[in-house]
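Spelled out from the first residue to the last, the chains are:
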Amino acid sequence: MNSVYNETLYTGRCVESDIWLIFNNRHIVEISSEPKGNILGRFPVITPAFIDAHSHIGMVRAGEPHAESESNEHQESILALSDALDSVQMDDRSFQDAVEMGVLYSCVMPGSANIIGGLSAIIRNYASNSSEALIGRSGLKAAFGYNPMSVSKWKGLRPNTRMGALAILRSRLDEVLQKKIQYNRARDEKKDEIIFSAEDKVILAVLDKRNCLRVHVHKTDDIAALLRLVDEFQLDVTVEHAMGVHSPEIFTELKKRNIPVTFGPMDSFAYKVELKHETWRNIYHLIQSGVKFGIMSDHPVTPARQLFLQTRWFLRAGLTEQNAVELVSRKNAEILGIQKDLGTLEQGKWASFICWNGDPFHLASYPESVYGEGQLLFTSNVKGKRHEN
């Protein structure tokens, strides 16, 4: 049994004071007024480990030329069988930087140049290899808007317009839907079974709501087009980015439909026309709508290590410090579907947390110790060296 003391504990649901966090091996045992077992340290503040809900870390790697990045496959615009995990390289220096700032988990997904880019992977940023890193899945990556249009010279069937991209996607969804109808009819009539390809099965899981589409989309009308597709095929989706939405109406519609938003990345440059309405002030519309949302780094668009820094804009827009911590812990865990193990510091959850040397919202504060599933992953010193287990 191990105990760490904190003057202030952000649990991801509330704030506790003058309290001990008790954990044993991988899991939290309790939050107590008294220590138990080994006392590992005393800290001004402890927060849950941070979760990056949308990232390309390990696929676009620090110190490697752009030509070696692996977030987008150039061969075809519909690639349901691609798996982000297969392109993750854990020797990316960015993983260490993320861990040292308490960002212990990332949902890594293909980029947005393909209409369907492939499967996402929720990973430990501190694992020794990609197989050990995987902790779950959270949807099939899709993309609307400018990005699929911008690669019309790549191989395969490619769109030049938004309507072209939607036509290609609608055609593929309908193809699998019709095969499903034929399969059900053949089964009922005891005829020869219809065979689904491996890619068909991935798309069928989306049509059957056993998997969701994680859709890259920035502008209001692109989200409106997505909602038309949702109505047509009865899909489960999340909205990824939404940085060009500069009025609350479409967020209100997403709230009504219980569709969450993974918002961001904040602090990136508006480098294309569909981001011409991007501003931190759009946060007010997001909050006003009441839609469920978390935030992303979109690493390397903004580095994963800077994920928590983005919460300062939400404080300016009126959220409390506890609300801000929730954005990068509980809210992201819920959107990704990993709230059973992560997102809050409660009994039975994984003992993944950050011990701060001061108020984390103070610019000079930093993580003094970082624990992942009960293991000390990092401890700071004058030279900022990594702790070796």
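Notes on the structure follow. This structure is a prediction, so every number in the text was calculated from the model and none was measured.

With that settled, consider the overall build of the protein chain. Within the protein chain, the regular secondary structure consists of 11 helices and 17 strands. Over its C-alpha atoms the protein chain spans a radius of gyration of 22 Å, differing by no more than 12% from the 21 Å that the globule rule assigns to 389 residues. The principal-axis extents of the C-alpha atoms in the protein chain amount to approximately 65 × 50 × 45 Å. Considering only residue pairs separated by 6 or more positions, the protein chain has 67% of its internal contacts joining residues 24 or more positions apart. Surface summary for the protein chain: the accessible area is close to 17000 Å², and the carbon and sulfur share equals 48%. When the 44 basic and 48 acidic side-chain charges of the protein chain are each reduced to a single mean position, those positions are 3 Å apart.

This part is about the nonpolar core. Val 261, Phe 263 and Phe 314 are the most contacted members of the largest nonpolar core, which has 95 residues in total. With residues up to four places along the chain from it excluded, the contact list for Phe 263 reads His 241, Ala 242, Met 243, Phe 251, Ile 283, Leu 286, Gly 294, Ile 295, Met 296 and Phe 314. By size, the runner-up hydrophobic cluster in this structure holds 14 residues, among which are Leu 21, Ile 28, Leu 345 and Phe 353.

This paragraph deals with empty space enclosed by the protein. On inspection of all chains with the given rule, the structure shows 1 cavity of 30 Å³ or more. Approximately 40 Å³ is the volume found for the largest cavity. Among the residues forming the lining of the largest cavity, the class breakdown is 5 nonpolar, 3 polar and no charged.

The 6 strands are arranged β7-β10-β11-β12-β13-β14 in an open sheet whose pairing can be described as mixed. Taken across any chain shown, the strands that pair with only one partner, and hence form the sheet edges, are β7 (116–119) and β14 (293–295). Adjacent strand axes in the sheet meet at a mean angle of 25° when their direction is disregarded. The pairing of strand β12 (residues 237–241) with strand β13 (residues 261–263) spans 3 bridges and is classified as parallel. Within β13, the position partnered with Val 239 by the bridge is Val 261. Docked against the sheet, helix α6 (residues 220–233) engages β11 (213–217) and β12, running at close to 165° with respect to β12.

Our next topic: the packing of helix α4 (residues 162–188) against helix α5 (residues 198–207). Orientation of α4 relative to α5, taken along the N-to-C sense of each, is 90°, at an axis distance of 9 Å. Here α4 lies roughly perpendicular to α5, going by the angle between them. Only Glu 199, Asp 200, Ile 203, Leu 204 and Leu 207 of α5 make contact with α4, whose side of the interface consists of Arg 172, Leu 173, Val 176, Leu 177, Lys 179 and Lys 180. The residue inventory of the contact of α4 with α5, partitioned by class, reads 6 nonpolar, no polar and 5 charged.

On to the layout of surface pockets, then. Unoccupied space between atoms shows up once a probe the size of one water molecule is rolled over them. A volume near 680 Å³ is recorded for the largest pocket. Grouping the constituent residues of the lining of the largest pocket by class yields 12 nonpolar, 15 polar and 5 charged.

For the rest of this paragraph, the subject is helix α1 (residues 93–100). Most of α1 sits out of view: 6 of its 8 residues are buried. Those residues of α1 not exposed but buried are Ser 94, Phe 95, Asp 97, Ala 98, Val 99 and Glu 100. Contacts made by the buried residues of α1 are with β6 (103–108), β8 (121–124), β16 (367–372) and β17 (375–379). Of the residues one or two after α1, Gly 102 is the one with positive phi, at around 85°.

Definitions and limits used
Residues numbered from 1 in each chain as written. Predicted model: local features only at pLDDT ≥ 70, side-chain atom pairs only at ≥ 80, totals over all residues. Heavy atoms only, no water. Helix = DSSP H or I, 4+ residues; strand = E, 2+ residues; numbered from the N terminus. Rg over C-alpha atoms; globule rule 2.2 N^0.38 Å. Contact = heavy atoms within 4.5 Å. Areas by Shrake-Rupley, 256 points an atom, 1.4 Å probe, with all protein chains shown as cover. Lys, Arg positive; Asp, Glu negative; His and termini not counted. Charge placed at Lys NZ, Arg CZ, Asp CG, Glu CD. Core = buried A, V, L, I, M, F, W, Y, C linked by side-chain atoms within 4.5 Å. Buried < 20%, exposed > 50% of the residue type's maximum accessible area, 1.4 Å probe, protein only. 1 Å grid on protein atoms, 1.4 Å probe; cavity = no way out; pocket = protein on both sides within 12 Å on 5 of 7 lines; lining within 4 Å. Points joined across faces, edges and corners; volume = space filled by probe spheres on them. Nonpolar A, V, L, I, M, F, W, Y, C, P; charged D, E, K, R; others polar. Pairing = 2+ DSSP bridges. Axes fitted to C-alpha atoms, helices over the stretch in contact; angles between N-to-C directions. Parallel < 35°, antiparallel > 145°, perpendicular 65-115°, else oblique.

Geometric values such as these leave the question of function open.
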